[in-house]
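# Coordinates in review
Read off the chains here:
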Amino acid sequence: MVVRFFPFSLFICIKVVQEYERAVIFRLGRLLSGGAKGPGIFFVLPCIEDYTKVDLRTVTFDIPPQEVLTRDSVTVSVDAVVYYRIYNPTVSVANVANAAHSTQLLAQTTLRNVLGTKNLGEILSDRDQISESMQTTLDNATDRWGIKVERVEIKDVRLPIQLQRAMAAEAEAAREARAKVIAAEGEQKASVALKEASEIISTSPAALQLRYLQTLNSISAEKNSTIIFPLPIELMKSFMK
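Residues numbered from 1 in each chain as written. Predicted model: local features only at pLDDT ≥ 70, side-chain atom pairs only at ≥ 80, totals over all residues. Heavy atoms only, no water.

### What to know about the pattern of salt bridges
Tallied over the full model, the rule gives 9 salt bridges. The salt bridge partner of K148 is D139, with a shortest N-O separation of 2.9 Å. Judged by its relative accessible area of 29%, K148 is partly exposed. With a shortest N-O distance of 2.8 Å, R151 and E153 are connected by a salt bridge. With a relative accessible area of 48%, R151 lands in the partly exposed category. (Salt bridge = Lys/Arg side-chain N within 4 Å of Asp/Glu carboxyl O. Buried < 20%, exposed > 50% of the residue type's maximum accessible area, 1.4 Å probe, protein only.)

Here it is as structure tokens:
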């Protein structure tokens, strides 16, 4: 029939695939030898041969937010993105019914399994390591499907509102504790400095008088309603005796 209706049959027999595509041909249900065809022109016999186009470009998909129970019994919601490509079109068509859908389901399961073995602190701080672990696991599992998982990235980690408040309170308490420690250290250093200064001033009465006048000068420089009655230091010494 192809010869009889030539050249009109060429419109049915001639197929074209793009540079980034390959065609996997089945003849009477059996995989045609020679591997996938393309890019360019190839011939298909009507009613005898059937073909499937496979895209070789890198494909991305989002993993929906997954509710994960961490190793320290904290429930978090995590989503991620996966980058993969098909490197063997024949295997991706012959070995799995729907390569893209199967990869998405496997990525969701892998995300829950990997994060279930981590603590909350590890999930928040070691995202790169978790992404590499997921990428290796997915790549090994999808290799027999002709799929290469190039990259896995964790997008967001959502914590419960109660846990966010508890972590904020804990961080605030830690900051207040550090501030008190710093203030105590400052007071300790100031007391040591005051002790040394008092020892130096006690050896010179004139130095004490100068310090007294300096204090009066600093108080008078401020605009306040403080009234100061200076008394001679010699008069105070008589009362001290």
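### Description of the environment of G34
By secondary structure assignment, the location of G34 is in the loop between β3 (30-31) and β4 (40-43). Overall, G34 belongs to the exposed group, its relative accessible area being 70%. Sequence separation between G34 and V24 is 10 residues, and the spatial gap between their C-alpha atoms is 9.8 Å. (Helix = DSSP H or I, 4+ residues; strand = E, 2+ residues; numbered from the N terminus.)

### Some details on helix α5 (residues 127-142)
Between its first and last C-alpha, α5 extends 22 Å over 16 residues, near the 22 Å set by a 1.5 Å rise per residue. Looking only at α5, the buried set comprises I130, S131, M134, Q135, L138, D139, A141 and T142. Projection of α5 onto a plane perpendicular to its axis shows the buried side chains occupying an angular sector of 165 degrees, all on one side. Exposed and oriented more than 90 degrees from the buried face of α5 are E132 and N140. Of the surrounding secondary structure, the elements contacted by the buried residues of α5 are β6 (59-69), α3 (99-115), α4 (120-125) and β8 (147-158). (Expected span 1.5 Å × (residues − 1). Arc of directions from axis to C-beta. Contact = heavy atoms within 4.5 Å.)

### Focus: the pairing of β6
Direction of pairing for β6 relative to strand β7 (residues 75-86): antiparallel, over a ladder of 9 bridges. Each bridged residue has a counterpart across the sheet, and for I63 the counterpart in β7 is A80. Counted along the chain from β6 to the antiparallel partner β7, the turn is 5 residues long, and its residue S73 has a positive phi close to 60 degrees. (Pairing = 2+ DSSP bridges.)

### Quick word on the environment of Y84
Locating Y84 in the fold gives a position in strand β7. Along the primary structure Y84 and L138 are separated by 54 residues, whereas in three dimensions their C-alpha atoms are 9.8 Å apart. When neighbours within four sequence positions are excluded, Y84 is seen to be in contact with R57, T58, V59, F61, A100, T103, I147, K148, V149 and E150.

### A few points about the sheet that holds β7
Ordered by their spatial adjacency, 3 strands build an open sheet running β6-β7-β8, and the pairing between neighbours is antiparallel. The open sheet terminates on both sides in strands that have one partner only, identified here as β6 and β8. When the angles between neighbouring strand axes are averaged without regard to direction, this sheet yields 25 degrees. The pairing of β7 with β8 spans 10 bridges and is antiparallel. (Axes fitted to C-alpha atoms, helices over the stretch in contact; angles between N-to-C directions.)

### Remarks on the sheet that holds strand β2 (residues 21-27)
Taking strand neighbours across the sheet as the criterion, the 3 strands line up as β3-β2-β5 in an open arrangement whose pairing is antiparallel. What marks the edges here is a single partner per strand, and that holds for β3 and β5 (49-55). Pairing of β2 with β3 involves 2 bridges; the strand directions are antiparallel. Across the sheet, residue F26 finds its bridge partner in β3, namely L31.

### Looking at the packing of aromatic side chains
Within this structure, the stated rule accounts for 2 aromatic pairs. With a centroid separation of 5.5 Å and an interplanar angle of 80 degrees, the aromatic rings of F42 and Y51 are classed as edge-to-face. Seen in terms of ring centroids, F61 and Y84 are 5.8 Å apart; in terms of plane orientation they differ by 65 degrees. Their pairing is edge-to-face. Pair noted here: F61 is in strand β6 and Y84 is in strand β7, with a separation of 23 residues, a long-range link. Sitting over the ring of Y20, R57 keeps its end group 3.8 Å from the ring centre. (Phe/Tyr/Trp six-rings, centres within 6.5 Å; stacked < 30°, edge-to-face > 60°. Lys NZ or Arg CZ within 6 Å of the ring centre and 35° of its normal.)

All we've got here are geometric facts, nothing functional implied.
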